[in-house]
Amino acid sequence: MMKPSEPTLTAVAKELKKIPSDALVIGVGKGQDGPVLLDSPLPAKAARALGDSLQVLGVTGAADDVRRLAALPDTGSESLVLVGVGPVTPGTAVPAETLRRAAGAAVRQLKGLETVVLALPAPGVADATAVAEGAALGAYAYDGYRSGLGADGRPAPRKDDGPVRTILVHTAAAQDGAQDAALTAGLARAAVLAKNVNATRTLVNQPPSHLYPESFAQAARDLAKGLPVKVTVMDEKKLERDGYGGILGVGKGSSRPPRLVKVEYAPAKSKVHLALVGKGITFDSGGLSLKPAASMQTMKLDMAGAAVVLNTVLAVAELGLAAKVTAWLCLAENMPSGTAQRPEDVLTTYGGRTVEVLNTDAEGRLVLADGLAAASEEHPDAIIDIATLTGAQMIALGNRTSGVMGDDGVRDAVKAAADRAGESFWPMPLPEELRPSLDSQVADIANIGERFGGMMTAAVFLREFVGSTDGEKIPWAHLDIAGPAFNEGSPYGYTPKAGTGVGVRTLLAYVEDVLGRAS
């Protein structure tokens, strides 16, 4: 798998004229009476003149509005860039997520430049870290498999439009000796987090011709190299011997057999054990319950959950957190053929429960059933599964807000972690009246039930496969990222078009929060 190169992140506090760069980024807010220049290290005279010129320049301060101007005197930059942060209130600090998005929007739209100085309002470590994180997320590009040839078959002239390579965050925290260690740690975390979010994006963006269960398993091995993690790959023969009927059933129609990949990070002094289960359908045609052609056009995204759990474990390992975290990547390709599973087939999932398959396009819950049952056997302190599971998620919550369901404690903890990380998750209930709709006359459970509230019905199905420890159900939550995992519209903030990497930031924050409570 192609690994995107990552930018370097550095905090600086020197005078601007002593910092050479290609661009200096200053924030502009949307005030009640027009655009407002935000606090910056610009000389007072230059700041006043610039602030008085904003309306003449047509600057609005709206989020994602990026304007590149001629350089100001007494700065070391070759150009000045004004980035909108959206509505601001005088005397109120700019929220961390607003800083992330503004930094990401600026860096994303400054492709082709080598060095950028971000002089957004970042007086403290948390502010500077948010700016660094957003900038690193914005410095992402996926070129895919373009040949570089022109229409005449000859090499086309290359445009220098690669992502920004050097990011300097201007912050007073860089000169505060008492905060040096915290700032260094914050920048290191931002770099690790962005690297793993971007790796998730790249996996999601891979074409299904190149990313299929076997190659995904190899990508997991490659990404884990050099880290203290163990990667175990179960092929179709092992899956059959051990009774993983859900994954095998979904993969039966494809010429490329399924895999179950277990990625373990187990430090000697771990304080907690968490299991993460990810749906990894490398392409979803719907199987014999075939999707319409237009609905297949983005179905390479259906492995996003597996990519998220893989890269979350790798981030935890690289940061050296004192938590045992195990990822289960449930990988299959859902295709129609003479060997594909049929509607009304009955399969036996790992652990022995039987499922009547009424719709082969409700396949994600089948592979997750195996993963949840296998994860339960290790008796972790909590299990979280994440998946691009239902179109109902998009109907209920749209394309930018993910759903989280499950036991109250884990569900609420995930929501709190998402809020801290800057990702949008919303808690949804698991109504008990939905369970009877999953009853089957021939098996323990059917794979589809009540149509209305389908996101919640799918979660009720998954709950059946979460095991117990000493008679107590293992705490569990289910995250449905069907819409937010893939941006079909225009880029915004630090979010590119196509794969977004949503979920990695939330799950890493969740692990950190669990460790904080365990201390």
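Residues numbered from 1 in each chain as written. Predicted model: local features only at pLDDT ≥ 70, side-chain atom pairs only at ≥ 80, totals over all residues. Heavy atoms only, no water.

Chemist: Outline the overall build of the protein, listing residues and values.
Modeler: Across its full length, the protein carries 13 helices and 22 strands. For the protein, the C-alpha radius of gyration of 24 Å lies close to 24 Å, the compact-globule estimate for 519 residues. Overall size of the protein, expressed as C-alpha extent along the three principal axes, is 80 × 65 × 45 Å. Within the protein, the proportion of its 519 residues that are buried is 57%. If you take every contact in the protein between residues at least 6 apart in sequence, the share linking residues at least 24 apart comes to 76%. Per element, the accessible surface of the protein, about 21200 Å² overall, is 51% carbon and sulfur. If the 51 positive side-chain charges of the protein are averaged to one point and the 58 negative ones to another, these points end up 5 Å apart. (Helix = DSSP H or I, 4+ residues; strand = E, 2+ residues; numbered from the N terminus. Rg over C-alpha atoms; globule rule 2.2 N^0.38 Å. Buried < 20%, exposed > 50% of the residue type's maximum accessible area, 1.4 Å probe, protein only. Contact = heavy atoms within 4.5 Å. Areas by Shrake-Rupley, 256 points an atom, 1.4 Å probe, with all protein chains shown as cover. Lys, Arg positive; Asp, Glu negative; His and termini not counted. Charge placed at Lys NZ, Arg CZ, Asp CG, Glu CD.)

Chemist: Could you give me a rundown of the packing of aromatic side chains, with the residues and numbers involved?
Modeler: Scanning the entire structure with this criterion turns up two aromatic pairs. For the pair Tyr244 and Tyr350, a centre-to-centre distance of 4.2 Å together with 10° between the ring planes defines the contact as stacked. One end of the pair, Tyr244, is in the loop between α6 (236-242) and α7 (245-251); the other, Tyr350, is in the loop between β12 (345-348) and β13 (354-357), and 106 residues separate them in sequence. The same class applies to Tyr244 as to Tyr350, namely buried. Ring geometry for Phe461 versus Phe465: centroids 5.1 Å apart, planes at 45°, classification tilted. Each member of the pair, Phe461 as well as Phe465, carries the same accessibility label: buried. Stacked on the ring of Tyr140, the Lys or Arg Arg201 has its end atom at 5.4 Å from the ring centre. Sitting above the plane of the Phe465 ring, Arg353 keeps its charged end 5.6 Å from the centroid. (Phe/Tyr/Trp six-rings, centres within 6.5 Å; stacked < 30°, edge-to-face > 60°. Lys NZ or Arg CZ within 6 Å of the ring centre and 35° of its normal.)

Chemist: Now, about the sheet that holds strand β11 (residues 324-334): what can you tell me, with residues and values included?
Modeler: Strand order in this open sheet of eight strands is β8-β9-β11-β10-β14-β20-β15-β16, and the pairing throughout is mixed. Looking at the sheet topology across the chains shown, the edges are occupied by β8 (230-234) and β16 (425-427). Each strand axis lies, on average, 20° off the axis of its neighbour in the sheet, ignoring direction. As judged from the five bridges shared by strand β10 (residues 273-284) and strand β14 (residues 382-387), these two strands associate in the parallel manner. Along β14, the bridge assignment pairs Ala275 with Ile383. (Pairing = 2+ DSSP bridges. Axes fitted to C-alpha atoms, helices over the stretch in contact; angles between N-to-C directions.)

Chemist: Tell me about the packing of helix α2 (residues 96-108) against helix α3 (residues 125-138), and name the residues and values.
Modeler: At their nearest, the axes of α2 and α3 sit 7 Å apart, and the two run at 35° to each other. Remark: the crossing between α2 and α3 carries right-handed chirality. In this structure, α2 contributes Ala96, Leu99, Arg100, Ala103, Gly104, Val107 and Arg108 to the contact, and α3 contributes Asp127, Ala130, Val131, Glu133, Gly134, Ala135 and Gly138. (Left-handed = near helix turned anticlockwise from the far one by under 90°.)

Chemist: Please set out the pattern of salt bridges residue by residue, giving values where relevant.
Modeler: Per the stated rule, a full pass over the model turns up 31 salt bridges. Here Arg505 and Glu97 are joined by a salt bridge, their closest N and O atoms 3.3 Å apart. Pair noted here: Arg505 is in helix α13 (residues 504-518) and Glu97 is in helix α2, with a separation of 408 residues, a long-range link. No difference in accessibility class separates Arg505 from Glu97, as the two residues are buried. Of the charged contacts in the structure, one is a salt bridge between Arg463 and Glu432, with a shortest N-O distance of 3.3 Å. Residue Arg463 is found in helix α12 (residues 454-463), and its partner Glu432 is found in the loop between β16 and β17 (445-446); the two are separated by 31 residues along the sequence. (Salt bridge = Lys/Arg side-chain N within 4 Å of Asp/Glu carboxyl O.)

Chemist: Explain the pairing of strand β2 (residues 23-31) residue by residue, including any values.
Modeler: Sheet faces and side chains relate simply in a regular strand, where the side chains alternate between the two faces. In terms of residue burial, β2 counts as a mostly covered element, since eight of its nine residues are buried. Summarising the sheet, β2 and strand β6 (residues 115-119) pair through four bridges and their orientation is parallel. Paired with Leu24 across the bridge in β6 is Val117. Of the strand pairs in this sheet, β2 and strand β5 (residues 79-87) are connected by seven bridges, and their pairing is parallel. Each residue of the ladder has a partner; that of Gly27, found in β5, is Val83. Examined bridge by bridge, β2 and strand β3 (residues 34-37) share four bridges and lie antiparallel to one another.

Chemist: Give a detailed account of the sheet that holds β17, specifying residues and quantitative values.
Modeler: One open sheet holds the three strands; their spatial order is β12-β13-β17, and the pairing between them is mixed. Both edges of this open sheet fall to β12 and β17, since each of them pairs with a single strand only. As paired strands, β12 and β13 are joined by four bridges and run antiparallel to one another. When the sheet's bridge partners are listed, Thr348 is paired in β13 with Thr354.

Chemist: So, the packing of helix α11 (residues 408-421) against α13: which residues are in play, and what are the values?
Modeler: It is the contact of α11 with α13, at a shortest axis distance of 8 Å, that shows an interaxial angle of 115°. In terms of their interaxial angle, α11 and α13 are classed as roughly perpendicular. Handedness of the α11/α13 crossing: right-handed. Taking contact as the criterion, the partners of Val410, Ala413, Val414, Ala417, Ala418, Arg420 and Ala421 in α11 are, on α13, Arg505, Thr506, Ala509, Tyr510, Glu512, Asp513 and Arg517. Partitioning the contact of α11 with α13 into residue classes produces eight nonpolar, one polar and five charged. (Parallel < 35°, antiparallel > 145°, perpendicular 65-115°, else oblique. Nonpolar A, V, L, I, M, F, W, Y, C, P; charged D, E, K, R; others polar.)

Spatial relationships are all this shows, so hold off on functional conclusions.
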